[in-house]
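Here is how the chains run, residue by residue.
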Amino acid sequence: MLCGGQLMLTRVKTPAELKAMRQSGKLLATVLAHLKKRLTAEMTTKDLSDIAMVELKKLGGKPAFLGYQGFPDVICISLNDEVVHGIPSAKRVIKEGDIVSLDFGVNYQGMITDAAISLVVGEAQPAVKKLVRDTERSLLLGIQAIHGGVHVGDIGSAIEKELNKEHYGIVRDLVGHGVGHDLHEDPNIPNYGYPGMGIMLKTNMTIAIEPMATLGGHQVYVDEDGWTIKTQDGSWAAHFEHTVLILDAGAEILTTM
Ligand code: MG
């Protein structure tokens, strides 16, 4: 997002905005936990989307993805070689061994949070289970790198270092971002980088960090539906994301119960 050559950086949030974001993140985490409990083979991705819609409404939140740049659903559900932005469908049946990536956004009192989890359905290939575990760990290591004055490259480098240990493909065309008043705010937060490089982030800014790793290469393409991002080589992918608040020393995960 460029505006007159200036980045529209995510704002330093007020206490009232942070209160709304904590609640937004709590609702989001509650819905994802519910979906995790309900997920079984033979469901369709639309079944999961219906559950997400009902649960979020019960909790009093609004879906942040529905209608965003024309996205047609409340949640992105991506299977296997689909990395992100999959559109739920009543024709898409989930099978034992699949990776199911759920990416969800919640608006509560005008403040938005964004988070994702990848789940493995039943018994799966050991390499698939390991990919999912390692991708989640890389997210937590990225979060551990955060503090007031952190550079974007410090976060990306922590994630990249961890994923490189197993030679996973690190998706480069999609990145983390500022979040809060809008779903996507500056700066971009790539899942790779160099310590000390890139924009410096301040205490009380809020960002979404979201590593996407594959069992093959890093290259992706947009499917015919205009939304779903798939791996070029057909390798399977995992995606984890949290919205976090930058503190003087460390970070607070907002998308948690
Ligand atoms: Mg995101």
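Up top is the structure.
First things first, this report covers the structure right here in the doc. Numbering of residues starts from 1 in every chain and runs along the sequence as written. This being a predicted model, a pLDDT of at least 70 is required before a residue's local features are given, and a value of 80 or more before pairs of side-chain atoms are given or counted; all residues contribute to the totals for chains, interfaces and linings. The basis for every side-chain value is the complete set of non-hydrogen atoms in the structure, without hydrogens or water.

1. Side note on the overall build of the chain
Item 1. Secondary structure counts use DSSP, requiring at least four H or I residues in a row for a helix and at least two E residues in a row for a strand, with both numbered from the N terminus. For the chain, the count of helices and strands is four helices and 17 strands.
Item 2. Radius of gyration: over C-alpha atoms. The globule rule applied is 2.2 Å multiplied by the number of residues raised to the 0.38 power. Radius of gyration (C-alpha) of the chain: 17 Å, near the 18 Å computed for a compact globule of 257 residues.
Item 3. Principal axes of the C-alpha set define a box for the chain whose edges measure 45 × 40 × 35 Å.
Item 4. In the chain, once contacts between residues fewer than 6 apart in sequence are set aside, the share between residues at least 24 apart is 72%. The contact rule is simple, with two residues in contact once any of their heavy atoms fall within 4.5 Å.

2. What to know about the pattern of salt bridges
Item 1. One side-chain nitrogen of Lys or Arg within 4 Å of one carboxyl oxygen of Asp or Glu is enough to make a salt bridge. This structure, assessed with the given rule, holds eleven salt bridges.
Item 2. A salt bridge links Glu82 to Arg92; its shortest N-O distance comes to 2.6 Å. Taken together, the residues Glu82 in strand 5 (residues 82–84) and Arg92 in the loop between strand 5 and strand 6 (99–108) connect sequence positions ten residues apart.
Item 3. Note on Glu82: relative accessible area 8%, which makes it buried.
Item 4. Two residues, Arg137 and Asp134, come together in a salt bridge whose shortest N-O distance is 2.8 Å. A residue pair is termed a helical-turn pair when its members lie 3 or 4 positions apart in one helix, as Arg137 and Asp134 do in helix 3 (residues 126–144) at three residues.
Item 5. The buried label applies to any residue whose accessible area, calculated with a 1.4 Å probe on protein chains only, is under 20% of its type's maximum; exposed applies above 50%, and partly exposed to all values in between. The exposure class assigned to Arg137 is partly exposed, which follows from its relative accessible area of 38%.
Item 6. Salt bridges linked by common partners bring Lys130, Asp134, Arg137, Glu162, Lys165 and Glu166 together as one network.

3. Structural notes on the sheet that holds strand 13 (residues 220–222)
Item 1. Strand order in this open sheet of three strands is 5-14-13, and the pairing throughout is antiparallel. With partners counted over all chains shown, the strands left at the sheet margins are strand 5 and strand 13, one partner each. Sheet twist, expressed as the average angle between the axes of neighbouring strands with direction ignored, equals 40 degrees.
Item 2. For two strands to be treated as a pair, DSSP must find at least two bridges joining them. In terms of strand pairing, strand 5 meets strand 14 (residues 229–231) through two bridges, oriented antiparallel. Note on method: axes are straight lines fitted to C-alpha atoms, helices fitted across the in-contact stretch only, with angles between N-to-C directions ranging 0 to 180 degrees.

4. Comments concerning the packing of aromatic side chains
Item 1. Side-chain rings of Phe, Tyr and Trp, where Trp is taken by its six-membered ring, are said to pair if the distance between their centres is within 6.5 Å; with planes under 30 degrees apart they count as stacked, over 60 as edge-to-face, and otherwise as tilted. Counted by the stated rule, this structure contains one aromatic pair.
Item 2. Centre to centre, the rings of Phe71 and Trp227 are 5.0 Å apart; their planes meet at 85 degrees, and the pair counts as edge-to-face. Taken together, the positions of Phe71 in the loop between strand 3 (62–63) and strand 4 (75–79) and Trp227 in the loop between strand 13 and strand 14 put the pair 156 residues apart, joining distant regions of the chain.
Item 3. With a relative accessible area of 22%, Trp227 lands in the partly exposed category.
Item 4. A cation over a ring is seen here: Arg172 above Tyr192, with NZ or CZ 3.8 Å from the ring centre. Note on geometry: a ring has a charge over it if NZ (lysine) or CZ (arginine) is within 6 Å of the ring centre and within 35 degrees of the ring normal.

5. As for the side chain of Ser118
Item 1. Tracing the backbone shows Ser118 in strand 7 (residues 111–120).
Item 2. Polar contact is defined as a pair of N or O atoms within 3.5 Å, subject to the rule that within protein one atom must be able to donate a hydrogen and the other to accept it, and that residues adjacent in sequence are counted only when both atoms are side-chain atoms. A polar atom in the side chain of Ser118 sits 2.6 Å from the side chain of Ser101.
Item 3. Looking at Ser118, its side chain comes within polar contact range of the main-chain nitrogen of His239, at 2.8 Å.
Item 4. Excluding residues within four positions of it along the chain, Ser118 makes contact with Ile99, Val100, Ser101, Val132, Ala238, His239 and Phe240.

6. Quick notes on the coordination of the magnesium ion
Item 1. Note on the magnesium ion: its protein donors are Asp114 (OD), His177 (NE2), Glu210 (OE) and Glu241 (OE). The metal-donor distances range over 2.1 to 2.3 Å.
Item 2. Read in sequence order, the donor residues for the magnesium ion give the motif D-x62-H-x32-E-x30-E. Taken together, the residues span a long stretch of sequence, with Asp114 in strand 7 and Glu210 in the loop between strand 11 (206–209) and strand 12 (212–214) at a distance of 96 residues. Counted as donors are N, O and S atoms no farther than 2.8 Å from the metal, or 3.2 Å for Na, K and Ca; water is not among the atoms, and sites may therefore look incomplete.

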